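Examining the three-dimensional arrangement
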Amino acid sequence: MKIKVYLEEKDKEEFVEIDGFKVKDVLDKLNIDSGIVIIANKDNELVTNDYILEEDEGIKIIPVISGG
Amino acid sequence: MRYSRQELFDKIGKEGQNLLKKSKVAVIGLGATGSSSAELLARAGIGELILIDRDVVELDNLQRQALYNEDDVGNVKAEAIKNHLGKINSEVKVRALVMDLDYKNINEIKADLVLDCTDNIETRNLLNEYCHKNRIPWIYSGVIGDNGLVLNFTGDYCFNCVFDNIKPELLGTCDTRGVLNTIVKVISGIQVNEAIKLLTKQDYSNEMLYFNISNNKLEKYKVKKNNKCKVCNSIYDYLDGKKGNDIVKMCGRGVYQVKGRKFDLTKLRLEGKLTKYCLINKDFTIFNDGRAFIKASSEEKAKSLYSKFIGN
């Protein structure tokens with residue numbers, strides 16, 4: 001399944017081909033640890049790693065910010 | 001007279017100003033965002049501020065921690081801020097607490113609203129549980145590099161609904177990624193603006209506001225409650241003392257905070273500058289509440305140095 005991914009940290013968009021259908025499959029493909037990011041779906045809603053994706057859906061990968 | 005320009009703004013008016021005057025706000029963390037947010041709140045005429053921080057002012061803070069100056073270096077942040085705010089707005093009642101927030105002392109926070117200006121996820125988890133249990137709204141803020149975020153928690157969802165799987169040890173810090181003072185001011189401004197909206201009964205944001213100052217982009221993300229969230233189901237692991245650490249690596253400094261028993265600083269046989277709250281030398285900062293900041297390469301080394309020089 002092809003997913004459009006926007007990487008908030010790099011202000012960059014890319015397409016990713018995954019075997020599964022969940023957000024965690026995209027993170028695994030991009031070698032991004034789920035413990036440092038949160039994900040928004042095509043409606044800009046924050047979703048969990050088990051969120052089920054549709055073909056050509058876009059998600060945003062947003063770095064967690066803990067500094068103050 | 002002091003607040004005339006604020007009262008002229010129709011969303012606040014005299015009624016809103018009175019609400020601010022009756023409000024009590026706690027600011028947790030007095031670093032970059034905290035020092036800025038505390039100043040904005042004081043200037044806006046908040047009735048009472050509770051300021052909590054565990055740290056001392058260092059030279060490299062001055063780049064982004066706007067309320068401090070060179071004379072404050074080596075002083076505890078809570079006291080330094082209290083002194084400055086007293087000269088900015090003497091009408092504001094300020095209570096400054098030099099402490100590391102934990103499950104034993106968090107009850108010191110008795111406020112209408114809490115502003116999170118901390119630099120670590122652990123404290124935010126504790127704060128989240130406390131505020132959820134006591135139905136106190138709180139506003140999360142965070143900055144790093146050229147990014148920052150603000151998110152209000154008023155009961156519909158909580159911090160754990162969004163951030164339950166975070167690995168704090170893998171997150172970037174100001175020491176590894178740096179931080180611009182400009183994003184600090186923007187995020188602090190947004191945080192305090194949301195605080196004023198909440199306190200003056202205006203509509204406030206229920207989305208995560210994420211801003212990048214390099215490309216001037218503000219994104220808004222919708223947040224939903226997680227029905228399986230432990231905190232929303234009143235399970236409070238941090239508040240009950242089941243989670244949280246006695247040894248903490250300070251935000252990207254190669255320094256560990258070790259907690260021990262309280263003692264008399266004057267009885268320590270260590271060289272350094274002694275103040276009302278702490279003893280500082282090049283390797284340690286030791287507080288009279290039993291905490292010590294120790295330069296070390298690991299937790300074990302920090303514990304070992306603590307035992308060697310301070311005792312058990």
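Here we take up the overall build of chain B. Looking only at helices and strands, chain B has 9 helices and 14 strands in total. Whereas a compact globule of 312 residues would reach a radius of gyration of roughly 20 Å, chain B reaches 19 Å, a difference of no more than 12%. Viewed in the frame of its principal axes, chain B has a C-alpha envelope of about 60 × 50 × 40 Å. In chain B, which comprises 312 residues, the proportion classed as buried is 56%. Sequence separation of 24 or more characterises 65% of the internal contacts of chain B that already satisfy a separation of 6 or more. Surface summary for chain B: the accessible area is close to 14,800 Å², and the carbon and sulfur share equals 46%. Averaging the coordinates of the 49 positive side-chain charges in chain B and doing the same for the 40 negative ones gives two points 2 Å apart.

In this section: the interface of chain B and chain A. In this assembly, 37 residues from chain B lie in contact with 22 residues from chain A. Where chain B abuts chain A, roughly 2,400 Å² becomes buried across the two surfaces, and 53% of that area is made up of carbon and sulfur atoms. Of all residues in chain B, Tyr210(B), Tyr221(B) and Lys222(B) give up the largest surface area on contact with chain A, accounting jointly for 25% of the area buried on that side. Between the two partners, chain B and chain A, sit 5 salt bridges. Put simply, Glu219(B) and Lys60(A) hold a salt bridge, and the shortest N to O gap is 3.2 Å. Counting residues per element, the ones that place at least two in the side of chain B that touches chain A are helix H3 (32-44), helix H5 (121-134), strand E5 (138-144), strand E6 (147-153), helix H6 (159-163), strand E7 (207-212) and strand E8 (217-222) of chain B. When grouped by side-chain class, the residues that make up the side of chain B that touches chain A number 16 nonpolar, 12 polar and 9 charged.

Quick look at the pattern of salt bridges now. On inspection of all chains with the given rule, the structure shows 23 salt bridges over all chains. Between Arg177(B) and Glu9(A) there is a salt bridge, and its shortest N-O distance comes to 3.2 Å. With Arg177(B) in helix H7 (residues 174-177) and Glu9(A) in the loop between strand E1 (2-7) and strand E2 (12-17), the pair connects residues from two separate chains. We classify Glu9(A) as partly exposed; its relative accessible area is 43%. The shortest N-O distance in the salt bridge between Asp100(B) and Lys259(B) comes to 3.0 Å. In this pair, Asp100(B) is assigned in the loop between strand E3 (93-98) and strand E4 (113-116) and Lys259(B) in strand E10 (residues 255-259), connecting sequence segments 159 residues apart. By relative accessible area, Asp100(B) is classed as buried at 8%. One connected set of salt bridges, linked through shared partners, spans Arg54(B), Asp100(B), Asp102(B), Asp119(B) and Lys259(B).

To continue, consider the sheet that holds E2(A). All names here are of chain A. Spatial ordering of the open sheet is given by E2-E1-E5-E3-E4, a layout of 5 strands whose pairing is mixed. The sheet is open, and its two borders are formed by E2 and strand E4 (46-47), each paired with just one other strand. Pairing of E1 with E2 involves 6 bridges; the strand directions are antiparallel. The residue bridging Val5 from the neighbouring strand is Glu14, located in E2.

A few words now on the confidence of the model for chain A. Across chain A, the average pLDDT comes to 93, with 100% of residues at or above 70. For chain A, E2(A) is the element with the lowest average pLDDT, namely 92, and strand E3 (residues 37-40) of chain A is the one with the highest, namely 96.

Moving on, we get to the side chain of Arg64(B). Residue and element names in this part refer to chain B. Considering the arrangement of structural elements, one finds Arg64 in the loop between strand E2 (48-53) and helix H4 (77-88). Despite its burial, Arg64 remains without a salt bridge, the nearest opposite charge being carried by Asp60 at 4.6 Å. Within the structure, Arg64 has its side chain in polar contact with the backbone oxygen of Asp60 (distance 2.9 Å). Once you skip the residues sitting within four places of it in the chain, Arg64 turns out to touch Ala32, Cys174, Val179, Asn181 and Val184.

Parameters and conventions
- Residues numbered from 1 in each chain as written.
- Chains lettered and ligands numbered in written order.
- Predicted model: local features only at pLDDT ≥ 70, side-chain atom pairs only at ≥ 80, totals over all residues.
- Heavy atoms only, no water.
- Helix = DSSP H or I, 4+ residues; strand = E, 2+ residues; numbered from the N terminus.
- Rg over C-alpha atoms; globule rule 2.2 N^0.38 Å.
- Buried < 20%, exposed > 50% of the residue type's maximum accessible area, 1.4 Å probe, protein only.
- Contact = heavy atoms within 4.5 Å.
- Areas by Shrake-Rupley, 256 points an atom, 1.4 Å probe, with all protein chains shown as cover.
- Lys, Arg positive; Asp, Glu negative; His and termini not counted.
- Charge placed at Lys NZ, Arg CZ, Asp CG, Glu CD.
- Buried area = accessible area lost by both parts, 1.4 Å probe.
- Salt bridge = Lys/Arg side-chain N within 4 Å of Asp/Glu carboxyl O.
- Nonpolar A, V, L, I, M, F, W, Y, C, P; charged D, E, K, R; others polar.
- Pairing = 2+ DSSP bridges.
- pLDDT = per-residue confidence, 0-100.
- Polar contact = N/O pair within 3.5 Å; in protein donor to acceptor, adjacent residues only side chain to side chain.

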